[in-house]
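# Reading the structure
The lines below spell out each chain.
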Amino acid sequence: MATTAQQKIKKQLTLMLIIVMGMFAFCFALVPLYNVICKVTGLNGKPTAMVAAVSEHEIDLSRTVTVELITTLNHSLSSSVSEFVPRNVKIKLHPGEYVKTSYWVKNLSAQKMIVQAIPSVTPGFAAQHIRKTECFCFQHQPLAALEGKEMPLVFTVDPALPKNINTVTLAYTLFDVTQS
Amino acid sequence: MDVATSYHASGSHADDHHDHGPAKGLLRWVFTTNHKDIGTMYLWFSFIMFLFAGTLAMLIRAELFKPGEQLVNPEMFNQLTTLHGLIMVFGAVMPAFVGLANWLVPMMIGAPDMALPRLNNWSFWILPFAFTMLISTFVAAIVSDTAGSAPNFGWTFYAPLSTTFGPPSTDFFIFSIHMMGISSILGAINVIATILNLRAPGMTLMKMPIFCWSWLVTAFLLIAVMPVLAGAVTMVLFDRHFGTSFFNAGGGGDPVLFQHVFWFFGHPEVYIMIMPAFGIVSQILPTFTRKPLFGYASMVYAISSIAFLSFIVWAHHMFTTGMALVAELFFMYATMLIAVPTGVKVFNWVATMFKGSLSFETPMLFTLAFIFLFTMGGFSGLMLAIVPADYQYQDTYFVVAHFHYVLVTGAIFSILAAVYYWLPKWTGHMYSEVLAKTHFWLSFISVNVLFFPMHFLGLAGMPRRIPDYALQFADFNRIVSVGGFVFGASQILFLFIVIKTIRGGKKATDKVWENPQGLEWTLSSPPPYHSFTTPPVVP
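These figures come from a predicted structure and were not determined experimentally.

A few words on the interface of chain B and chain A. Counting residues at the interface gives 30 residues for chain B and 28 residues for chain A. Secondary-structure elements contributing two or more residues to the side of chain B that touches chain A are helix H1 (3–13), helix H6 (170–197), helix H7 (210–241) and helix H8 (255–272) of chain B. Looking at the side of chain B that touches chain A, the element that brings in the most residues is H7 of chain B, giving 7 residues. Partitioned by chemical class, the residues of the side of chain B that touches chain A number 22 nonpolar, 7 polar and 1 charged.

On to the nonpolar core, then. Ranked by size, the top nonpolar core spans 180 residues in total, and within it Val93, Cys212, Ala232, Phe370 and Ala417 of chain B carry the most contacts. Excluding residues within four positions of it along the chain, Ala417 of chain B makes contact with Ile280, Ile284, Pro363, Phe366, Thr367 and Phe370 of chain B. One finds Phe84, Leu161, Leu170 and Tyr172 of chain A within the second-largest nonpolar core, a separate group that totals 28 residues.

Below, the discussion takes up the domain arrangement of chain A. Here the domain parsing of chain A yields domain 1 (1–41) and domain 2 (65–176). Here the C-alpha centroids of domain 1 of chain A and domain 2 of chain A sit 42 Å apart.

Residues and elements named next belong to chain A. Spatially, 4 strands are ordered S2-S4-S8-S6 in an open sheet, and the strand pairing comes out antiparallel. Each end of this open sheet is capped by a strand with a single partner; those strands are strand S2 (82–86) and strand S6 (130–135). In this sheet, adjacent strand axes meet at a mean angle of 25 degrees when their direction is disregarded. Of the strand pairs in this sheet, S6 and strand S8 (residues 148–157) are connected by 5 bridges, and their pairing is antiparallel. What sits directly across from Ile130, in S8, is Val157.

Residue and element names in this part refer to chain B. With their axes 7 Å apart at the nearest point, helix H3 (residues 35–63) and helix H4 (residues 74–109) run at an angle of 155 degrees to one another. Here H3 is positioned roughly antiparallel relative to H4, judged by the angle of their axes. For the crossing formed where H3 meets H4, the hand is left-handed. A class-by-class count of the residues in the contact of H3 with H4 yields 23 nonpolar, 8 polar and 2 charged.

What counts as what
- Residues numbered from 1 in each chain as written.
- Chains lettered and ligands numbered in written order.
- Predicted model: local features only at pLDDT ≥ 70, side-chain atom pairs only at ≥ 80, totals over all residues.
- Contact = placed C-beta atoms within 7 Å.
- Helix = DSSP H or I, 4+ residues; strand = E, 2+ residues; numbered from the N terminus.
- Nonpolar A, V, L, I, M, F, W, Y, C, P; charged D, E, K, R; others polar.
- Core = buried A, V, L, I, M, F, W, Y, C linked by C-beta atoms within 7 Å.
- Buried ≥ 20, exposed ≤ 12 C-beta atoms within 10 Å, placed from the backbone.
- Domains from an automatic or database assignment.
- Pairing = 2+ DSSP bridges.
- Axes fitted to C-alpha atoms, helices over the stretch in contact; angles between N-to-C directions.
- Parallel < 35°, antiparallel > 145°, perpendicular 65-115°, else oblique.
- Left-handed = near helix turned anticlockwise from the far one by under 90°.

Have a look at this one:
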């Protein structure tokens, strides 16, 4: 009698500890899960960091989409250290039409630095419809002391972009990744 | 794993010694495995933490008494709000409920003790160390100029406030959260094991007192979400020291992910702090209405469905983070759905009172105040659940008013009701009804003076977590502060009443009240050191 009661409790304890361990693991599983869900649904406005293949699809001349380009410096780069501005702040294009623009970045400090631009698209659902064939955001950008450079961006907006979206904002935040 | 041994040994040796009394001396409290000793320690610990975090709240209200900088600078103000929140949640409300579970669950289900007494001892004794570590950062921030700040990012420790910008003391905070988490998980495992294994013969799950039901569900919530909190603080630790980028966009992470992880823990957590309160109220109400609880089974289903829904509503804390419209709609409707089972509970409480012969002893007064004021807090929660309205209310004093109505007049009032209801059973003495009623009316009036005007402050646009405010908010803030000071002071009266009752007073009968239901009232007042050495028979 005593042993069966003890065995029962041991079994329950094991089960509960498995739940605890499982939920701890689940917490870490939330990280890739979140990324996958956001990628599939486009919920958080994170575009893919991959080169899109140039495709010769039709240009939708029936409508025009305005793409606004904005830049932000992460707190790790104060504005006295670097300059980061788009050459065009507003581009009007027909969906499917490729556009080339560039961003000017300058290291104002006396140290070498490596920067990385992270894109974000508003509204979030438009993120999967921004197709970039060339982007400075695909790689780390090393900058020598006081070096400035033009960084190119070639992109289009997929004609599959929902009809109700007329304006898309493409924001880049520049991070200092010299340490890592 | 002393269950079986203590359970069975006590049966056969019950005649050898009449009562296994407690050991003598201070070490009794260190080594004790007795559920009543541990419950007492939990309750005292939580009361000390309540007074400490309450003192921090008094400082906050003193600072906000007038516009402009009064007592503390903005950095210190942030530390006050952070520690007030953390200590009230993890140090006052949660341990108080665990203490009540320790005292009451074995007596209610007819068991001699908790199922895992040694684990019980450990889960309590982790807590003082965890909180010493957390509070040491605050002491250091005050006495030393070089120690830096105590945690100052709010109890929600959003990244990057706690990662990139967190003061060095954040690491103390992280490890103290780890320890509190371990303590809560062990406590919850113990409650589940006790309820599932040690019920007296004949007590089926659906005959169990509703307090035990509410704690069973709470315990499952605890073992499900405390590990998620542990994971969240671990990720913060890794981002701070080991070069990971869970929450750093520069390295491919996402700061919004932190909020998802945190609130996946955080929303069930707020139900962890209210479920036992539902149980307490459902125990007390039948005694003073002299009617059985209306809709016992529906209460059980309501508790269970609230627990389930609590897992799918977390993002209503994040409506303004730039979520997609469909997600906002989903979380809005899911949140509103919780009003249904909660409404069932409130309806059942009202129906229990309907045509009952009510009497208004202090536990009943606190219970009635709970039902009324908690429902109000629930309604302001519904207002916050409406997405477009939330854009307006978010981060204002309206939110502060809402969660203080559900936590202070909800959770804390239920704890006060429970203490008054069972204190005569625990100590064998009646408390002074005159003093207790004074305590109730002081608390009830002042708590509304304290929190009700906050609704209007919030609607008028006063932001949370700011040590200063625009001049037009001055009058209401003064009223709120006065209410705060009176509410704080009246809890000292509560301390006095409890100590007075422990030291002496009119002898309490075994039943204490007129005709209370439940096994704990079949024991003597105070109950024997080991509750039921032979299991009672439940009809």
